[in-house]
Amino acid sequence: MDDYQTEEEESAFVVEESVEATIGRNTYQHNRVNQWSTSVVEQCLGQLGKLGKPFKYIVNCIIMQKNGAGLQTASACFWDNSTDGSCAVRWENKSMYCIVNVFGLAI
Amino acid sequence: MEEYNSGDEVVFNADEASVLVKECIEGVIGGTDYNQSKVNQWTASVVEHSLAHLVKQGRPLKYIVNCTIMQKSGAGLHTANSCYWDTATDGSCTVRWENRTMYCVVSVFAVAL
């Protein structure tokens, strides 16, 4: 049986865990953020693939330093509403914001 | 059945999408400065217009268009994408645009039906 109400919830949980594990304790560092965002997406994708669901996945990660700047992000999707879905996870610590979008498209 | 273009046009054309997206961005925020009260509707407009133009091409693809607008204030921003799909038929493109007061990054993902 499903532990979660929807696929979106399950994905959100997987993503939160992946982000915590990758950058949970770090402070924003310009020369490392490149490998962090790569690690976050790879870790998320790996964990999502392990769920074994019949989906294609797209994982998008944004990491931004906290310094008062404004950031806005939007997505539009042209797909099958009955089978495809997405979830967005917002995470932050003292020095940075991390936004991860997961899109799942049924095969 | 639906009418789609056939043959070699089934594969996503990243260059064509890039040009299309750039035009959409220019059309929406081309001559403007970063404005906190308007940025919400700008990102929505950019993704909606881009999506509409892509769909008009009539290809048998599902699309995801993602737009990020950030004020220029010295902060660092990094984005990354990772995709689990069929590399033979699916593809993506990313367009980076900027003016004096803001950055705009748009990613298009196309997945074959």
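Definitions and limits used
Residues numbered from 1 in each chain as written. Chains lettered and ligands numbered in written order. Predicted model: local features only at pLDDT ≥ 70, side-chain atom pairs only at ≥ 80, totals over all residues. Heavy atoms only, no water. Axes fitted to C-alpha atoms, helices over the stretch in contact; angles between N-to-C directions. Helix = DSSP H or I, 4+ residues; strand = E, 2+ residues; numbered from the N terminus. Left-handed = near helix turned anticlockwise from the far one by under 90°. Contact = heavy atoms within 4.5 Å. Nonpolar A, V, L, I, M, F, W, Y, C, P; charged D, E, K, R; others polar. Buried < 20%, exposed > 50% of the residue type's maximum accessible area, 1.4 Å probe, protein only. Pairing = 2+ DSSP bridges.

Draft legend 1. Up close: the packing of helix H1 (residues 14–29) of chain B against helix H2 (residues 39–56) of chain B. All names here are of chain B. Between H1 and H2, whose axes approach to 9 Å, the crossing angle comes to 145°. At the point where H1 passes H2, the crossing takes the right-handed sense. Judged by residue contacts, Ala17, Leu20, Val21, Cys24, Ile25, Val28 and Ile29 of H1 engage Trp42, Ser45, Val46, His49, Ser50, His53 and Leu54 from H2. Split by residue class, the contact of H1 with H2 holds ten nonpolar, four polar and no charged.

Draft legend 2. Region of the structure containing the environment of Val15(A). Residue and element names in this part refer to chain A. As for its placement among the helices and strands, Val15 is situated in helix H1 (residues 7–23). Judged by relative accessible area, which is 0%, Val15 ranks as buried. It is 22 Å that separates the C-alpha atoms of Val15 and Gln29, two residues lying 14 residues apart in sequence. With near-sequence residues (within four places) excluded, Val15 lies in contact with Cys44, Val89, Val100 and Val102.

Draft legend 3. Representation of the sheet that holds strand S4 (residues 102–112) of chain B within the structure. Sheet architecture is open: four strands sit in the order S2(A)-S1(B)-S4(B)-S3(B), paired in antiparallel fashion. Of all strands in the sheet, those with a lone pairing partner are strand S2 (71–78) of chain A together with strand S3 (91–98) of chain B, marking the two edges. In this sheet, neighbouring strand axes are inclined to one another by 10° on average, regardless of whether the strands run parallel or antiparallel. Judged from the eight bridges that link them, S2(A) and strand S1 (residues 61–71) of chain B form a sheet pairing that is antiparallel. Considered in S1(B), the bridge of Thr73(A) is made with Thr68(B). Here H1(B) sits on the sheet in contact with S1, S3 and S4 of chain B, set at roughly 35° to S3(B).

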